[in-house]
Amino acid sequence: MAWAPPPSAAKLYRPNRFVSLPAELDPATYDTSPEKLRAETERLAIRSRLKRQYLLQLNDPSPPAVIENPALIRWVHAKSQNVYPTFRLTPRTSFLGAVYGLGPLLFWIFVLKADRDRKEKRIQEGKLKRSPFSVFF
Amino acid sequence: MAAGALRGVLWPRAAAGLRAARAALAAPAGARAASEMSQDMMPGPYPRTPEERAAAAKKYNMRVEDYQPYPDDGLGYGDYPMLPNKSQYERDPWYQWDQPDMRHNWGEPMHWDFDMYIRNRVDTSPTVVPWHTMSKHFLLFLSIMLIMFGLGEIYPSYRPVGPKQYPFNDLYLEKGGDPNKKPPTVIHYEI
């Protein structure tokens, strides 16, 4: 009897939301074309320029009190103050807004009301033990 | 450096709200309290023309070919670049980062979910055992155990039992019976 061949490593280690593709299975690792070389060189140039700016400020004899990181400032601004101006009402955003905004509210309204109705019914039928009110349990 | 920038998040936001309410007297809308960066260095709306894309790539210190904004479906990302969803664990541990604990360089564009991908939190490094094998094994085990426990609750199986028999006339004295009276006789056997 012939079993099916075992799944290939690329299929086993395929990336998903929680884990990324290993570098050994990524064809970009083995790419030695001149375009890739030029791209890497440009990225290195940007990186070195930024590093130079940072190290100049860091090793300054009279350094500034706080070395501001413009990337951090932009990230904070984008996540806090740039969301409302760039937000737009689309069918998807209005649906998500209703689900996340009204969903939990309505859910808990119905759950608590049903629970209290059931308790009230049991009290009317006399099944619930009503101990006298005490703050000390 | 991080604390100074982050402490300025809530305060300018509340201040901007107050200023919008008193629009006639206050500073123009969108003004920030404590930063020397001009408005064109800050994130803005989604770039529509190629010139805007090039300007945004330059603003974020990225190559124009690398710069890819989030798709424009109104969720509030603006022109922020979409970087690969990889955690900081995957970055080279031996390179001299400017911030070694975050594995992050000064001025490098940060992922939108940067605070999720730090090394104390989510780790997306490839696992030794494939993820899908792991999840399959775990879910199989969990579901089989849960089904068996559920079946055991619905159809319990144990040897025949009877009610527990207590000595000394069903513990007459221990349960508070009167010692002067004769207890009712309780016999648990038959001869």
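Criteria and cut-off values
- Residues numbered from 1 in each chain as written.
- Chains lettered and ligands numbered in written order.
- Predicted model: local features only at pLDDT ≥ 70, side-chain atom pairs only at ≥ 80, totals over all residues.
- Heavy atoms only, no water.
- Salt bridge = Lys/Arg side-chain N within 4 Å of Asp/Glu carboxyl O.
- Helix = DSSP H or I, 4+ residues; strand = E, 2+ residues; numbered from the N terminus.
- Domains from an automatic or database assignment.
- Contact = heavy atoms within 4.5 Å.
- Buried area = accessible area lost by both parts, 1.4 Å probe.
- Polar contact = N/O pair within 3.5 Å; in protein donor to acceptor, adjacent residues only side chain to side chain.

## What about the pattern of salt bridges?
Move 1: The final tally for this structure, using the stated rule, is 16 salt bridges over all chains.
Move 2: Of the charged contacts in the structure, one is a salt bridge between aspartate 98 of chain B and lysine 51 of chain A, with a shortest N-O distance of 2.7 Å. Residue aspartate 98 of chain B is found in the loop between helix H3 (50-59) and helix H4 (131-154), and its partner lysine 51 of chain A is found in helix H2 (residues 34-58); the two belong to separate chains.
Move 3: A salt bridge links lysine 59 of chain B to aspartate 79 of chain B; its shortest N-O distance comes to 2.9 Å. Taken together, the positions of lysine 59 of chain B in helix H3 and aspartate 79 of chain B in the loop between H3 and H4 put the pair 20 residues apart, joining distant regions of the chain.
Move 4: One salt-bridge network, held together by shared partners, links Arg38, Glu40, Glu42 and Arg43 of chain A together with Arg63, Glu65 and Asp66 of chain B.

## Description of the domain arrangement of chain A
By a frequent convention, interface size equals the accessible area lost on bringing the separate parts together.
Move 1: Assigned domains of chain A: these are domain 1 (29-87) and domain 2 (89-128).
Move 2: Here the C-alpha centroids of domain 1 of chain A and domain 2 of chain A sit 48 Å apart.

## Let's talk about the interface of chain B and chain A
Move 1: The partner chain A presents 44 residues to the 60 residues of chain B that form the contact.
Move 2: For the pair chain B and chain A, the summed buried surface comes to about 4,600 Å²; carbon and sulfur atoms form 59% of the total.
Move 3: Counting the contacts that link chain B with chain A gives 6 salt bridges.
Move 4: With its nearest N and O atoms 2.8 Å apart, the salt bridge here joins arginine 63 of chain B to glutamate 42 of chain A.
Move 5: The tally of links from chain B across to chain A stands at 20 residue pairs in polar contact (both at pLDDT 80 or more).

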